[in-house]
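One letter stands for each residue in the lines below.
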Amino acid sequence: MTDLAEPVIVMEHLVSLTYDEDLPANLVRFGEALIDGRIVGQRCPVCHRVYVPGRGYCPLDVIPLDVEHEVEVADRGVVTGFTIVAPVRYYGQTKTEPFIYASVLLDGASGTLGGQDISGIPPDQVRMGMRVAAVWKPVEERSMEGLSARGWGSVAGAVTSFTPTGEPDVAREHYQEHII
Amino acid sequence: MAGIEVAIVGWAQTPAVRRSVRSEPQLCFDAIQGAIEDAGIDRREIGFTCSGSCDYLTGGPFAFVSNLEAAGAWPPISESHVEMDGAWALYEAWVRLQHGDIDSALVFGSGKSSATSPAELYPQQLDPYYLAPIGLDPVSMAALQARAVLDAGRATERDLAEVAVRSHQNAMNNPNAQLRGELDVEKLLAEDYVCAPLRRHDLPPISDGAAALVLATESKARQLSQHPAFIRGIDHRVEPHQLGMRDLTRSSSTTLAARQAGLGSGKPDVAELSATFSPQELILRDALGLGDDTVVNPSGGPLAANPVMATGLIRIIEAARALTEGNGRHRTALAHATGGQCLQHNLVCLLEVQ
């Protein structure tokens with residue numbers, strides 16, 4: 001046995017796991033539309049909710065949804081809630097300045113897109129009810145990056161952030177059921 | 001086993017495939033809706049839902065929550081999840097049904113092993129001090145177990161190959177199997193080792209898939225099904241995590257679980273065993289005292305399809321299927337599920353049709 005001068009109380013064990021998967025057909029179509037500058041959801045024929053992106057089924061009515069249920073929604077909507085994140089340094093954190101993590105309810109969609117950046121306005125002026133529009137990447141830079149079969153989807157491959165449109169704020173009763 | 005009688009009244013599984021483009025919730029959707037349709041029950045009547053899956057396998061924290069969408073959670077449902085094979089979700093649902101206030105439950109299990117490499121992922125389930133840092137992978141561990149079995153004189157490499165031959169042959173009657181066909185023992189034994197003493201045929205395939213079933217208490221089960229498969233006993237037991245702390249050539253926890261579940265001297269007509277590597281079938285046969293009168297893994301078993309986190313639940317489904325679709329040839333069945341490494345944790349479920 002090795003006679004250690006000091007007992008081992010900390011050992012480094014960094015874990016890295018790689019996941020590689022094919023996107024399901026509904027997300028491939030969603031991603032292709034994003035690259036084309038369109039945001040597409042799936043409308044349930046029973047409850048008429050529009051899921052963005054579509055999941056391939058309605059989780060409330062439990063029926064399959066497919067290409068025939070796909071509808072385009074607007075690339076603009078309303079901020080239903082937000083957090084100002086003051087980044088602390090931890091492994092993997094790339095941000096250094098305060099940024100916004102907002103939920104955006106697109107016009108025509110029945111649920112919010114989470115984790116959206118809000119640009120073109122100082123963080124302390126962002127507010128619930130604010131009208132915003134997508135800031136699209138140049139066509140040649142758009143991709144399916146960030147799209148994954150786990151979780152609830154992302155527009156990050158084609159939309160960098162949302163920015164105020166200058167329209168009047170929306171009254172709370174129009175989005176309050178989407179406030180988490 | 002005293003208590004409320006519970007039966008399996010419907011089930012479905014997705015065909016096991018090497019790589020599915022369906023998302024895990026979509027696979028769950030197919031299995032769950034199939035099971036509900038097979039049972040002939042309205043999903044809103046189901047009293048409890050329980051699922052088994054692994055977030056590490058899926059690759060996302062709380063990934064099981066999106067799987068739940070496939071069950072329909074509106075109106076609100078009562079549900080639970082185990083980070084274990086779906087067979088343990090069935091165990092929890094069976095316990096829940098013993099409360100006596102509900103008459104049905106939905107159980108499902110799912111996993112997509114294709115997204116990651118087992119050799120990279122599985123060390124993360126091991127203890128973080130001695131085993132995980134050295135990257136001990138499941139094939140290497142199974143090879144240690146196989147070596148112990150061979151060295152103890154309890155089997156030969158030919159015996160292992162014969163397990164694979166029979167599994168692949170049985171799978172020819174299983175539309176959900178991933179590997180099937182006629183294999184030749186001599187040709188198998190001429191192949192190189194993947195990890196000595198294991199060859200390719202001793203290993204399970206890497207599979208994506210999901211399975212679901214519906215449980216009902218006795219009177220409900222008789223309403224729903226002509227041939228409900230009754231759970232006559234169910235139990236699970238676990239052994240030490242460290243491989244060096246147990247005899248890898250035996251499975252004492254399987255023996256104990258079987259005894260607690262009520263397996264006596266009378267042996268089941270059919271046994272579906274979660275023998276993920278070929279030596280494990282021999283270990284489990286010994287642990288359960290199964291002889292030639294018991295048909296083992298008529299589905300082909302995990303060597304023919306291994307959607308991790310559903311593999312054990314599929315054993316229960318296949319055992320029930322052997323009873324209800326066997327034209328009365330079989331009356332009793334045993335299903336076995338396992339978790340951990342080298343048969344660490346074992347569940348035994350005894351089924352009967354009348």
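Preceding this paragraph is the structure being described.
Residues numbered from 1 in each chain as written. Chains lettered and ligands numbered in written order. Predicted model: local features only at pLDDT ≥ 70, side-chain atom pairs only at ≥ 80, totals over all residues. Heavy atoms only, no water.

J.: Talk me through unusual backbone geometry; I want residue IDs and the actual numbers.
T.: In this model, Trp74(B) is joined to Pro75(B) through a cis peptide bond whose omega is -5°. The topology assignment puts Pro75(B) in the loop between helix H3 (63-68) and strand E3 (79-82). The residue after Ala196(B), namely Pro197(B), is reached through a cis peptide bond having omega 5°. Positionally, Pro197(B) belongs in the loop between strand E5 (193-195) and strand E6 (198-199). Of note in this structure, His48(A) is not a glycine but carries a positive phi near 65°. With respect to the secondary-structure elements, His48(A) resides in the loop between strand E1 (39-43) and strand E2 (50-51). (Helix = DSSP H or I, 4+ residues; strand = E, 2+ residues; numbered from the N terminus.)

J.: Quick one: what's the story with the interface of chain B and chain A, residue by residue and with numbers?
T.: At the interface, 32 residues of chain B touch 26 residues of chain A. Of all residues in chain B, Arg19(B), Phe29(B) and Glu69(B) give up the largest surface area on contact with chain A, accounting jointly for 25% of the area buried on that side. Taken together, the links from chain B to chain A amount to three salt bridges. The salt bridge partner of Glu69(B) is Arg55(A), with a shortest N-O separation of 2.9 Å. Linking chain B with chain A are eleven residue pairs in polar contact (both at pLDDT 80 or more), by the criterion used here. For the side of chain B that touches chain A, the elements supplying multiple residues, two or more each, are helix H1 (24-39), helix H2 (55-58), H3 and helix H5 (118-121) of chain B. Tallying contributions element by element places H1(B) first for the side of chain B that touches chain A, with four residues. Per-class residue counts for the side of chain B that touches chain A are 16 nonpolar, eleven polar and five charged. (Contact = heavy atoms within 4.5 Å. Buried area = accessible area lost by both parts, 1.4 Å probe. Salt bridge = Lys/Arg side-chain N within 4 Å of Asp/Glu carboxyl O. Polar contact = N/O pair within 3.5 Å; in protein donor to acceptor, adjacent residues only side chain to side chain. Nonpolar A, V, L, I, M, F, W, Y, C, P; charged D, E, K, R; others polar.)

J.: Lay out the sheet that holds strand E1 (residues 6-13) of chain B with the relevant residues and their values.
T.: Residue and element names in this part refer to chain B. Strand order across the open sheet formed by ten strands is E3-E2-E4-E7-E1-E8-E12-E11-E9-E10, with mixed pairing between neighbours. Across the chains shown, the open sheet's two edge strands, defined by having one partner strand only, are E3 and strand E10 (295-296). Inspection of the sheet shows strand E9 (residues 270-272) paired to E10 by two bridges, in the parallel sense. Looking across to E10, one finds that Ala271 is bridged to Val296. H1 contacts E1, strand E4 (104-112) and strand E7 (208-217) of the sheet and is inclined by roughly 35° relative to E7. (Pairing = 2+ DSSP bridges. Axes fitted to C-alpha atoms, helices over the stretch in contact; angles between N-to-C directions.)

J.: Report on helix H6 (residues 138-151) of chain B, specifying residues and quantitative values.
T.: Residues and elements named next belong to chain B. The end-to-end C-alpha distance of H6 is 20 Å, a good match for the 20 Å that 14 residues give at a rise of 1.5 Å each. Along H6, the positions that sit buried rather than exposed are Pro138, Val139, Met141, Ala142, Ala143, Gln145, Ala146, Val149 and Leu150. Buried positions along H6 lie against H5, helix H7 (157-170), E5, E6 and helix H11 (278-288). Capping of H6 at its N-terminal end is provided by Asp137; its side-chain oxygen lies 3.2 Å from the backbone amide nitrogen of Val139. A positive backbone phi angle near 75° is found at Gly153, which sits one or two residues after H6. (Expected span 1.5 Å × (residues − 1). Buried < 20%, exposed > 50% of the residue type's maximum accessible area, 1.4 Å probe, protein only.)

Read these as spatial facts, not as claims about activity.
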